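# Understanding the architecture of this molecule
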Amino acid sequence: MMRIQGRKALHLMQQPTYALLSACSAIQSPLPSVGFGPGLGGRAQLKAKKFSLGSRCLPRVRAGIRDFGSAAKFEQVYKTSLNREIAREMGVERSPSEMANGHVKMYHLYIANAPRDSDREKYLEVENKYTSKVEAKVPLAAPEDIEEAVQACVKAAPAMAAMPSYQRKAVLKKVVVELTNRAEEIARVITMESGKAIRDARAEVQRSIDTFEVAAEEATRINGEHMPLDISARNKGLQGIVRKFPIGPVSMVSPWNFPLNLVAHKVAPAIAVGCPFVLKPSSRTPLSALILGQILSQCEELPKGAFSITPVSRTEADIFTTDERFKLLTFTGSGSAGWGMKARAGKKKVVMELGGNAPCIVEDLVPDLDGTVSRLMIGGFYQCGQSCIHMQRLYVRDQIYDQVKDALLAAVKKYKVGDPMEEDTMMGPMISESAAEGVEKWIKDAVSKGGKLLIGGNRKGSFLYPTIIEDVPLEADARKEEIFGPVVLLYKYSNFKDAVDECNNTQYGLQSGVFTSDVNKAFYAFEHMEVGGVCLNDSPSMRVDSQPYGGVKDSGIQREGVKYAMDDMLETRVLIMRNVGVL
């Protein structure tokens, strides 16, 4: 068999027939989740641009790479400026000696679809939330970068709007393929940068795949309608055609708690309808968004300027809110930030998801005690309660209250808190020690005001252990605000209507949960709860990525969920016709 060696192998890997080429068996990687992948022998994972695992040449390429695959030889190739760029294009950001010397991985920002090199004066350091060690650096966009990104976005709007639906669908399908092929790699990045348990990170990657899959389907279903307009004698001969058109350049600001999927919920609908965008990812968790940028940069169907992903400091970020060249601002984050942004947004349309104080009622044990408690545990402690639909308040009918309480306490005692990379860990650290300190302060305040601490409440650094507090009064911050931590407030009730009223006794209204086998009570809750969504026989933390998702009151305006986000990115236009078809 002919062997392809050295630079020839690298050159071949640039060609458009290859996508996922494993190599370099002798290179040891001390950090398998970052940089080089965790393959046999810590081998480097080189990635070319396109997808064709079935190629007959693939074994030859693998064999050729092994010929230069020692650490020393790979170092020599990597140091060559041309091949360094080739390697970086394939996703290899560090050489073996750089890794051994403790250097961090460098990421690119993306302006007008293209990566920009990392040689910047200002960088954002991304810490491993479990070890507190810096594992990556992200260049911060300068004002001139952001201006270039906005200009490119505006310039790309006509070409994006003109893309046929099959091309938009093709782009979204390519993202699905790449996310699927790189799922484990991306899950480990999510765990590193956010601290969520690896099992939860894998679930987030799968949800992101679902989000792009649904968007690909919906891209070909942007329908209009025909309208008869001869509604009176004066309108005789009139009819109309209604169509929807892309709104134009979109500004996106995403949060840190779901660093990939909540980016996907903005990016996928924009591509589906044909809107160019500029995205500001969270400074705490920017890496997942930049990996998505790497994937999109390989989609040749997108016109130049279709997207930019620009990590930026807060002092430089106001342009995402105020610039009138954007026609839509979509923001997910805190209410304190969101409502201020809306006030400064000017004439542009604004979509905001701002969090909540989610309640849940347990009227019946559905399907049984174990099943109910299992869902309640997810609602209360999934990813440290750092979710806008975290189950913060739990109301249990008096006749089953003790059963549910005892079962919850027993489940919390078995809940493993620790290294988020370990397979059996249920909960890792919170996003930062200061966040954990803030929740700990609210726990102490709730107890001082009359709440009874049943379990938890203890903190160690950025770890805050699962906490349940009974009968916390309304005046406590933990009751009236969004706690965003692994804390559940437990209450007993005797009347279902009163429980629904108490659920509504908050400034928030995102989602709620109701466990009941009585269809009348289910519909009563659906019709009377002041929320954007009611989860029947589940905790309020349930979200399917195709559903309309958003809240009322202080929980935001408009809706996410692919189809519904697309609606906000489209404008309705009518063609009014007189005497068409009359001969």
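Computed from a prediction, not measured in an experiment: that's the story for all the values here.

## Re the pairing of strand 9 (residues 238-246)
- Bridge count between strand 8 (residues 225-228) and strand 9: 4 bridges; the pairing is antiparallel. Along strand 9, the bridge assignment pairs His 226 with Ile 241.
- Bridge count for strand 9 against strand 27 (residues 570-578) is 9 bridges, and the pairing is antiparallel. Within strand 27, the residue paired with Phe 245 across the bridge is Glu 571.

## What about the environment of Ile 247?
- Tracing the backbone shows Ile 247 in the loop between strand 9 and strand 10 (250-253).
- Given a relative accessible area of 12%, Ile 247 falls into the buried group.
- A sequence separation of 28 residues divides Ile 247 from Cys 275, and the C-alpha atoms of the two residues are 6.9 Å apart.
- If sequence neighbours within four positions are ignored, Ile 247 has contacts with Cys 275, Lys 327, Leu 328, Lys 349, Asp 568, Met 569, Leu 570 and Glu 571.

## A word on the nonpolar core
- Judged by nonpolar contacts, the single largest core of 61 residues is most densely connected at Leu 172, Phe 212, Val 267, Phe 277, Leu 296 and Leu 302.
- When neighbours within four sequence positions are excluded, Leu 172 is seen to be in contact with Phe 212, Ala 215, Ala 216, Ala 219, Ala 268, Ile 271 and Ala 272.

## So, the pattern of salt bridges
- Scanning the model with the defined rule gives 30 salt bridges in all.
- Residues Asp 323 and Arg 325 are paired through a salt bridge, measuring 2.7 Å at the closest nitrogen-oxygen approach.
- Residue Asp 323 is classed as buried on the basis of its relative accessible area of 12%.
- For Arg 325, a relative accessible area of 29% translates into the label partly exposed.
- For Glu 530, the salt bridge goes to Lys 553, with nearest N and O atoms at 3.0 Å. Placement of the pair is Glu 530 in the loop between helix 19 (519-528) and strand 24 (533-536) and Lys 553 in strand 25 (residues 552-553), with a sequence separation of 23 residues.
- One network of salt bridges, in which partners are shared, links Glu 184, Arg 188, Arg 202 and Glu 423.

## A look at helix 8 (residues 183-194)
- Taking 1.5 Å per residue, 12 residues should reach 16 Å; helix 8 reaches 16 Å between its end C-alpha atoms and fits that length.
- Among the 12 residues in helix 8, 9 count as buried, and that is most of the element.
- Among the residues of helix 8, those classed as buried are Glu 185, Ile 186, Ala 187, Val 189, Ile 190, Thr 191, Met 192, Glu 193 and Ser 194.
- Directly beyond the C-terminal end of helix 8, a positive phi value near 90° is found at Gly 195.

## Some remarks on the packing of aromatic side chains
- One pass over the full model with this rule turns up 8 aromatic pairs.
- With a centroid separation of 6.1 Å and an interplanar angle of 90°, the aromatic rings of Tyr 130 and Phe 463 are classed as edge-to-face. Here Tyr 130 is found in the loop between strand 6 (123-127) and strand 7 (134-139), whereas its partner Phe 463 is found in strand 19 (residues 463-464), with 333 residues between them in sequence.
- The buried category is assigned to Phe 463, whose relative accessible area is 13%.
- Through a chain of ring-to-ring contacts, the aromatic side chains of Tyr 110, Phe 277 and Phe 307 assemble into a single cluster.
- A cation over an aromatic ring shows up here: Lys 137 above the ring of Tyr 123, its NZ or CZ 5.7 Å from the ring centre.
- Between the NZ or CZ atom of Arg 543 and the centre of the ring of Tyr 549, over which it lies, the distance is 3.7 Å.

## Concerning the pairing of strand 14 (residues 349-353)
- Counting buried positions over the 5 residues of strand 14 gives 4, a clear majority of the element.
- Handedness of the crossover is the feature at issue here: the chain leaves strand 13 (residues 328-332), passes through helix 13 (residues 335-344), returns alongside strand 14, and the resulting connection is right-handed.

The rules behind the values
Residues numbered from 1 in each chain as written. Predicted model: local features only at pLDDT ≥ 70, side-chain atom pairs only at ≥ 80, totals over all residues. Heavy atoms only, no water. Pairing = 2+ DSSP bridges. Helix = DSSP H or I, 4+ residues; strand = E, 2+ residues; numbered from the N terminus. Buried < 20%, exposed > 50% of the residue type's maximum accessible area, 1.4 Å probe, protein only. Contact = heavy atoms within 4.5 Å. Core = buried A, V, L, I, M, F, W, Y, C linked by side-chain atoms within 4.5 Å. Salt bridge = Lys/Arg side-chain N within 4 Å of Asp/Glu carboxyl O. Expected span 1.5 Å × (residues − 1). Phe/Tyr/Trp six-rings, centres within 6.5 Å; stacked < 30°, edge-to-face > 60°. Lys NZ or Arg CZ within 6 Å of the ring centre and 35° of its normal. Right-handed = clockwise from strand over helix to strand, strands pointing away.

Geometric values such as these leave the question of function open.
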